[in-house]
Amino acid sequence: MNAQQEFQFVGSRSIRPDGLDKVTGRARYGADLNMQGQIYGHIVRSPHAHALITHIDCSEALAMQGVLAVMTGADLPEPGNRVLGSGEGAIALRDLSPMVMSQGKVLFHSQPVAAVAATTPELAARAAAAVTVTYETLPVVTDMHQALTDGAPILHDDRFPDGQPKEPTNLAAHITAQVGEPDVAFEGADVVVERTYSVPMCHQGYIEPQACVARMDGAGQVDVWCCTQGHFTVRGYTAAVTGIDEGNIRVTPSEIGGGFGGKTTVYLEPVAIILSKKSGRPVKMVMDRGDVFRSTGPAPGAETRVKLGATRAGKLVAAEVDCLLDSGAYNGNPAGIPAFLATACYKLTDARSTGRSVYTNRPKIHAYRAPSMPQATLAFELVINELAAAIDMDPIEFRLLNAVEEGDITMMGSRYNRIGLRECLEAARDHPHYQSALETGTGRGVAAGYWINAGLQSSATLNVTGDGHVAVLTGSPDIGGSRASMALMAAEVLGIPLERIHPQVVATDAVGHCDVTGGSRTTLATGQAVIQAAEQLVAELCRRAATDWQVEPESVTWSGGAAHHEDKSMDFEALARRAGSMGGPLTVSSSLTSASAAPAFGVHLCDAEVDKETGRTTVTRYTAIQDAGKAIHPDYVEGQMQGGAVQGIGWALNEEYLYDDQGVLQNPGFLDYRIPVASDLPRIDTVIVEVANPLHPFGVRGVGEVPIVPPMAAVAQAVFNAANIRVMDLPLNPPKLAKALMSSETS
C-alpha cells in the first residue's frame with residue numbers, strides 16, 4: 001500500500017472518536033479525577049533565582065491540624081550521573097530530578113524546594129507558606145551572553161562540555177558539523193549576506209496546567225493518573241526520580257488539554273507519590289498558571305548568525321550557521337538541532353553549522369514543536385530571502401533552484417529518500433495567494449521549514465468482541481487526532497465499517513511500551529504497530545477460515561472484510577461470532593522500533609500590514625503548505641498546520657519571557673504573556689501535499705512539528721516588507737516596531 005493507491009477509509013474525514021465527550025464536557029482531563037480519601041499537595045517554591053538552601057524547617061506546617069505529610073529533596077535519592085532514554089533523545093537524571101525538587105541549591109526562581117499535603121487545597125497552601133526555608137543567595141545571570149563572560153556566576157562547577165577547557169563554565173553544550181570547505185567556497189560566491197537574528201524564550205502556552213493524582217498502597221504499588229504526552233515516560237522518569245521500581249508504577253493518561261512537547265516530562269508526579277507514601281492517602285496536585293509559566297520548561301531563546309553565499313545565477317555555494325541557545329538552569333540538549341538540521345532544506349556541499357547552549361538562572365528548557373528548529377530557521381530563511389533579493393530572483397524560484405531532493409545528503413551524513421520540498425514550493429508558487437497582487441502598505445513573506453520526524457518504539461493490541469467489534473489499544477496519548485488515525489488504519493486493513501473500530505489509549509500495564517507522543521511519530525510509528533497487528537489479525541482469520549474449509553491457508557484471501565476461497569466466503573462478524581469454537585479469543589499484539597525517519601517540509605506564505613503610528617501588525621492573509629506523505633485524516637492534518645502557524649505568528653509578534661534583574665519572571669499569566677486569539681488572526685488556508693514516505697505502508701510522514709518552523713520567518717519578512725525596516729530582535733511587537741519606524745524616519 002502507498003499514498004497513491006485507492007483507499008476505502010484512509011484519507012476520509014470521519015467523525016472524531018473523542019469529539020462528543022469533549023463538546024459535552026464528559027471528557028476527563030488531568031484535574032477531573034478524584035480518588036476516595038484523597039488529600040491535596042502544594043509545592044513550596046524558591047523566591048530566589050540562585051541560592052544555596054541552608055535549612056528547611058517543616059515543623060510548623062506539620063503541626064497544623066489536617067496536614068498529613070511533608071517532603072523535601074532529602075526524600076529523593078541522589079541523581080548521580082545516570083542517563084535516561086526520553087523517547088526523543090536522552091536526559092541526565094541530574095537535569096531532571098531538580099526540576100521536580102531541589103536538593104541543596106536552587107538555580108531558578110520558583111524552583112520546588114519542599115511540598116506539603118493536607119486535607120484541603122486551601123490548608124495545603126497555608127501549610128506551604130508555613131514552611132521556613134533559609135537561603136544563602138548567590139548572584140543571578142539570566143542573559144546568555146553575560147553568562148559566558150569572565151566573572152559570571154557559575155551555575156554548575158562540576159560540568160564541562162565536550163572538547164572545552166576543563167574549567168568551570170556556563171557553556172552547556174558545543175556541537176559543530178561541517179561538510180566540504182565553506183571558507184574556501186565563500187571566496188567563490190558573487191553575493192554574500194550575513195545577519196544575526198534573535199528570538200526570546202517562550203512558553204508552549206497549553207491551556208490545561210499540569211495535574212495528577214497519585215496513590216501508593218500498603219504493598220508499595222503506585223497508581224498515577226495525569227495529563228501527559230507519554231505515560232510510559234512518566235513511569236520511567238518517576239521511577240528514576242523516586243527510586244521506586246518501574247514495575248511497581250502504573251500510569252493512566254487523562255485527556256490532555258494541549259502539550260506541544262511541554263508535557264513529555266514530569267514535575268508533580270514524583271512529589272505526589274512521595275506525599276502519598278508518607279500520608280497513606282491518594283494525593284492530588286494541580287499547578288496554577290503562574291507556576292506553569294515560572295517552573296515548567298519553555299522553549300529556548302536563541303541568537304542565530306547566518307552567513308550565506310550564492311552565485312549571480314542563484315546557486316547557493318556556502319553556508320555558515322552559529323546558533324546560541326538559552327538552556328536555562330539545566331541541560332536541555334538543544335544544541336544539536338541547529339548544528340545538524342539548520343541547512344536541511346538546501347543543497348549545500350560546503351557548510352558549517354554550530355550549536356551552543358548556555359546555562360542561565362531560568363527554568364530548564366523543554367521541547368516545543370520541532371524543538372529549536374524555528375529559532376534557527378528564522379535567521380536562515382530571512383537570509384535566504386535577502387540573498388534572493390540581492391540577485392533580483394523570486395524567493396520561491398531561488399528556493400526551487402537549491403531545494404534538496406531524493407538522493408541528497410544531509411549534514412548528518414544520511415541520504416534523503418523520496419521527499420516533497422519541491423512539490424511544496426511549486427504549490428506555494430502556483431497558489432492564488434502568491435499569485436495575487438499586494439494591497440498598498442502590505443508586505444508578503446515566504447519561508448520554508450523542515451523537521452526530521454521520529455520513529456521510535458510503539459505497540460498496539462487489537463481485541464475482537466463476539467459481535468465483530470474491535471478495540472484498538474495503544475499507549476500513545478492522543479494530542480492531535482491519533483485515535484482517529486488508528487481507527488482509520490485498522491479499518492483499512494480489516495475492511496470492516498469504521499464504526500466497529502474503537503480506539504483507546506490505555507494504561508502502562510494494558511499494552512506494550514510506547515514512546516512519547518511527540519516528534520510527529522505517533523501516526524507514523526504507532527500507526528505502523530496498528531497496521532501490523534491488523535495484518536496479523538487478518539492472517540489469523542484466514543487461517544481459521546482455511547481450517548474450517550479444510551484448505552491450505554495460503555489459498556484463502558481477504559478482501560471487503562471477509563475471507564474468501566473459490567466460491568466460499570466468511571465475513572469478519574461470522575468469524576468473530578465463532579471465535580470460541582475456532583481457536584479461542586481473537587486478540588493480537590504488535591510491537592516495533594520504527595527506524596523510519598520521515599523527513600517532512602512545509603512552505604508558508606504571509607501577508608501583513610503595519611500601522612506606521614502605533615507599530616501594530618495585522619496579519620491579513622496566511623497560507624500553510626505541507627507534505628504529509630499521506631493525510632490519514634485531513635481535518636486533523638489541517639488543524640495541525642493551522643495550529644502551528646498560529647503559534648509561530650504569536651512567537652513572531654508578541655510572545656516572550658520577561659525577567660527582572662533578580663531572575664523573576666514578570667509576565668507569568670495569559671494577561672501579560674500574550675498568545676494570539678481568534679480576533680488577531682485571518683483564516684489560515686492550508687494545502688496538503690502528498691509525497692508518500694516509502695518506508696511506511698500508507699506513506700505517512702507525520703505533521704505535528706513542521707507547521708511551527710516557517711511562520712516566524714514568513715511573518716518577519718512580511719513585516720519588514722510592509723514597514724520598509726528590518727528589526728533583528730523578535731518579537732516584532734508594537735513598541736519595538738514603532739521605535740524602529742521612528743528611527744527610520746529621523747535617520
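Residues numbered from 1 in each chain as written. Predicted model: local features only at pLDDT ≥ 70, side-chain atom pairs only at ≥ 80, totals over all residues. Heavy atoms only, no water.

Visitor: Would you mind going over the overall build of the chain with me for this structure?
Guide: Across its full length, the chain carries 20 helices and 28 strands. A compact globule built from 747 residues would reach a C-alpha radius of gyration of about 27 Å, and the chain, at 27 Å, matches this within 12%. Considering only C-alpha atoms, the chain reaches an extent of 90 × 75 × 50 Å along its principal axes. The long-range share in the chain, meaning contacts at least 24 apart out of those at least 6 apart in sequence, stands at 80%. A total of about 27,700 Å² of accessible surface is found on the chain, and carbon and sulfur atoms cover 48% of it. When the 57 basic and 82 acidic side-chain charges of the chain are each reduced to a single mean position, those positions are 2 Å apart. (Helix = DSSP H or I, 4+ residues; strand = E, 2+ residues; numbered from the N terminus. Rg over C-alpha atoms; globule rule 2.2 N^0.38 Å. Contact = heavy atoms within 4.5 Å. Areas by Shrake-Rupley, 256 points an atom, 1.4 Å probe, with all protein chains shown as cover. Lys, Arg positive; Asp, Glu negative; His and termini not counted. Charge placed at Lys NZ, Arg CZ, Asp CG, Glu CD.)

Visitor: Before we go on, may I ask you to explain helix H8 (residues 269-279) in this structure?
Guide: Residue pairs three or four apart in sequence face the same way in an α-helix, which turns once every 3.6 residues. Summarising burial for H8: 9 of the 11 residues are buried, a large majority. Considered for burial, the residues of H8 that qualify are Glu 269, Pro 270, Val 271, Ala 272, Ile 273, Ile 274, Leu 275, Ser 276 and Ser 279. Phi turns positive, to about 75°, at Gly 280, one or two residues after H8. (Buried < 20%, exposed > 50% of the residue type's maximum accessible area, 1.4 Å probe, protein only.)

Visitor: What should I look at first to understand the domain arrangement of the chain in this one?
Guide: Reports of interface size often rely on the accessible area that becomes lost once the parts have come together. You can read the domains of the chain as domain 1 (19-26 + 455-594), domain 2 (33-138 + 208-257 + 263-295) and domain 3 (302-453 + 598-746). For domain 2 versus domain 3, the distance between C-alpha centres works out to 36 Å. Every contact between the two is made by 20 residues of domain 2 and, on the other side, 19 residues of domain 3. Considering only the side of domain 2, the residues that lose the most area to domain 3 are Asp 95, Leu 107 and Phe 293, jointly responsible for 36% of the buried surface there. Along the contact surface separating domain 2 from domain 3 lie 0 salt bridges. Breaking the side of domain 2 that touches domain 3 down by element, the ones donating at least two residues are strand E5 (90-92), helix H3 (93-100) and helix H9 (289-295). Looking at which element gives the most residues to the side of domain 2 that touches domain 3, the answer is H9, with 5 residues. (Domains from an automatic or database assignment. Buried area = accessible area lost by both parts, 1.4 Å probe. Salt bridge = Lys/Arg side-chain N within 4 Å of Asp/Glu carboxyl O.)

Visitor: What is the right way to read the pairing of strand E3 (residues 67-72) from this model?
Guide: The element E3 is largely enclosed, with a buried count of 5 among its 6 residues. Pairing between E3 and strand E7 (residues 112-118): 5 bridges, direction antiparallel. Bridging across to E7, Ala 69 finds its partner in Ala 117. (Pairing = 2+ DSSP bridges.)

Visitor: Would you explain the pattern of salt bridges in this entry?
Guide: Close approach of charged atoms lets side chains of opposite charge pair. Using the criterion set out here, one finds 41 salt bridges in the structure. A salt bridge links Lys 263 to Glu 208; the nearest nitrogen and oxygen atoms lie 3.4 Å apart. Placement of Lys 263 in the loop between strand E13 (249-253) and H8 and of Glu 208 in the loop between strand E10 (191-199) and strand E11 (211-216) is noted, with a sequence separation of 55 residues between them. Both residues of the pair, Lys 263 and Glu 208, count as buried. A salt bridge links Arg 444 to Asp 607, with the nearest nitrogen and oxygen atoms 2.8 Å apart. Of this pair, Arg 444 sits in strand E18 (residues 442-451) while Asp 607 sits in strand E26 (residues 600-610), and the two are 163 residues apart along the sequence. According to the relative accessible area criterion, Arg 444 is buried, its value standing at 12%. With a relative accessible area of 5%, Asp 607 lands in the buried category. Three or more residues joined by partner-sharing salt bridges are found here, namely Arg 16, Asp 18, Lys 22, Glu 255, Asp 478 and Arg 483.

Visitor: When you look at empty space enclosed by the protein in this model, what are you seeing that I'm missing?
Guide: For the structure on display, the rule yields 5 cavities of 30 Å³ or more. In this structure, the largest cavity occupies an estimated 70 Å³ of space. Lining the largest cavity, in full, are Gln 210, Ala 211, Cys 212, Cys 227, Thr 228, Gly 262, Lys 263, Thr 265, Val 266, Tyr 267, Leu 268 and Glu 269. Tallied by class, residues from the lining of the largest cavity come to 6 nonpolar, 4 polar and 2 charged. One number sums up the size of the second largest cavity: a volume of about 60 Å³. Together, 13 residues line the second largest cavity, and Ala 342, Cys 345, Met 373, Thr 377 and Glu 381 are the ones closest to its centre. Looking at the lining of the second largest cavity, the elements that each hand over two or more residues are helix H11 (373-390) and E18. Its residues assigned to classes, the lining of the second largest cavity shows 10 nonpolar, 2 polar and 1 charged. (1 Å grid on protein atoms, 1.4 Å probe; cavity = no way out; pocket = protein on both sides within 12 Å on 5 of 7 lines; lining within 4 Å. Points joined across faces, edges and corners; volume = space filled by probe spheres on them. Nonpolar A, V, L, I, M, F, W, Y, C, P; charged D, E, K, R; others polar.)

Visitor: Hey, could you run me through unusual backbone geometry in this one?
Guide: Backbone geometry follows two general trends: most residues other than glycine have a negative phi, and most peptide bonds adopt the trans configuration. Backbone torsion omega between Leu 730 and Pro 731 reads 5°, so that peptide bond is classified as cis. Assignment of secondary structure puts Pro 731 in the loop between helix H19 (711-723) and helix H20 (734-746).

Visitor: Whenever I open this one, the sheet that holds strand E24 (residues 568-571) confuses me. Can you help?
Guide: Strands belonging to one sheet form pairs held by backbone hydrogen bonds; the direction of such a pair is parallel or antiparallel. Pairing is antiparallel across the open sheet formed by 3 strands, whose spatial order is E22-E23-E24. Whereas interior strands pair on both sides, the edge strands pair on one side only; in this sheet they are strand E22 (557-559) and E24. On average, each strand axis in the sheet is inclined to that of its neighbour by 25°, with strand direction left out of account. Across 3 bridges, the pairing between E22 and strand E23 (residues 562-565) is antiparallel. (Axes fitted to C-alpha atoms, helices over the stretch in contact; angles between N-to-C directions.)

Visitor: In this structure, what is going on with the side chain of Asn 402? I would like to understand it.
Guide: Among the structural elements, Asn 402 can be located in helix H12 (residues 395-402). For Asn 402, a relative accessible area of 2% corresponds to the buried category. Here the side chain of Asn 402 touches Leu 316 through a polar contact of 2.8 Å, landing on its backbone nitrogen. With sequence-adjacent residues up to four places away left out, Asn 402 is seen in contact with Gly 314, Lys 315, Leu 316, Cys 345, Tyr 346 and Lys 347. (Polar contact = N/O pair within 3.5 Å; in protein donor to acceptor, adjacent residues only side chain to side chain.)

Visitor: How do you make sense of the packing of aromatic side chains when you look at a structure like this?
Guide: How two aromatic rings sit relative to each other is given by the distance of their centres and the angle of their planes. Tallying each qualifying case throughout the model produces 13 aromatic pairs. Judged by centre distance (5.8 Å) and plane angle (15°), the ring pair of Tyr 346 and Phe 380 falls under stacked. With Tyr 346 in the loop between helix H10 (336-341) and strand E17 (351-359) and Phe 380 in helix H11, this residue pair connects regions lying 34 residues apart in the sequence. The pair Tyr 346 / Phe 380 is uniform in exposure class, with both members buried. Ring geometry for Tyr 368 and Trp 651: centres 5.6 Å apart, planes at 20°, overall stacked. Residue Tyr 368 is found in the loop between E17 and H11, and its partner Trp 651 is found in helix H18 (residues 634-653); the two are separated by 283 residues along the sequence. Take Tyr 368: its relative accessible area is 2%, and that puts it in the buried class. Taken together, the ring pairs connect Phe 293, Tyr 657, Tyr 659, Phe 670 and Tyr 673 into an aromatic cluster. (Phe/Tyr/Trp six-rings, centres within 6.5 Å; stacked < 30°, edge-to-face > 60°.)

Visitor: Just to check I follow, could you spell out the sheet that holds strand E15 (residues 302-310) for this structure?
Guide: Read across the open sheet, the 5 strands follow the order E9-E17-E16-E15-E10; overall the sheet is mixed. Edge strands, defined here as strands with exactly one partner in the open sheet, are strand E9 (171-179) and E10. On average, each strand axis in the sheet is inclined to that of its neighbour by 5°, with strand direction left out of account. Both strand E16 (residues 316-328) and E17 contribute to a ladder of 9 bridges, which runs parallel. Bridging from a neighbouring strand, Gly 328 pairs with Tyr 359 of E17. Of the strands in this sheet, E10, E15 and E16 touch H11, which is tilted by about 150° from E10.

Visitor: Before we go on, may I ask you to explain a negative patch on the surface in this structure?
Guide: Among the surface-exposed residues, Glu 439, Glu 609, Asp 611 and Glu 613 lie close enough to one another that they form a single negatively charged patch. For Asp 611, the location among the structural elements is in the loop between E26 and strand E27 (617-627). (Patch = residues over 30% accessible without salt bridge, like charges linked within 9 Å, V, L, I, M, F, W, Y side chains within 5 Å.)

Visitor: Explanation requested: the environment of Gly 41 in the structure shown.
Guide: Here Gly 41 lies in strand E1 (residues 39-45). The spatial distance from the C-alpha of Gly 41 to the C-alpha of Lys 347 is 54 Å, given a sequence separation of 306 residues. With sequence-adjacent residues up to four places away left out, Gly 41 is seen in contact with Val 116, Ala 117, Leu 275, Val 283, Lys 284 and Met 285.

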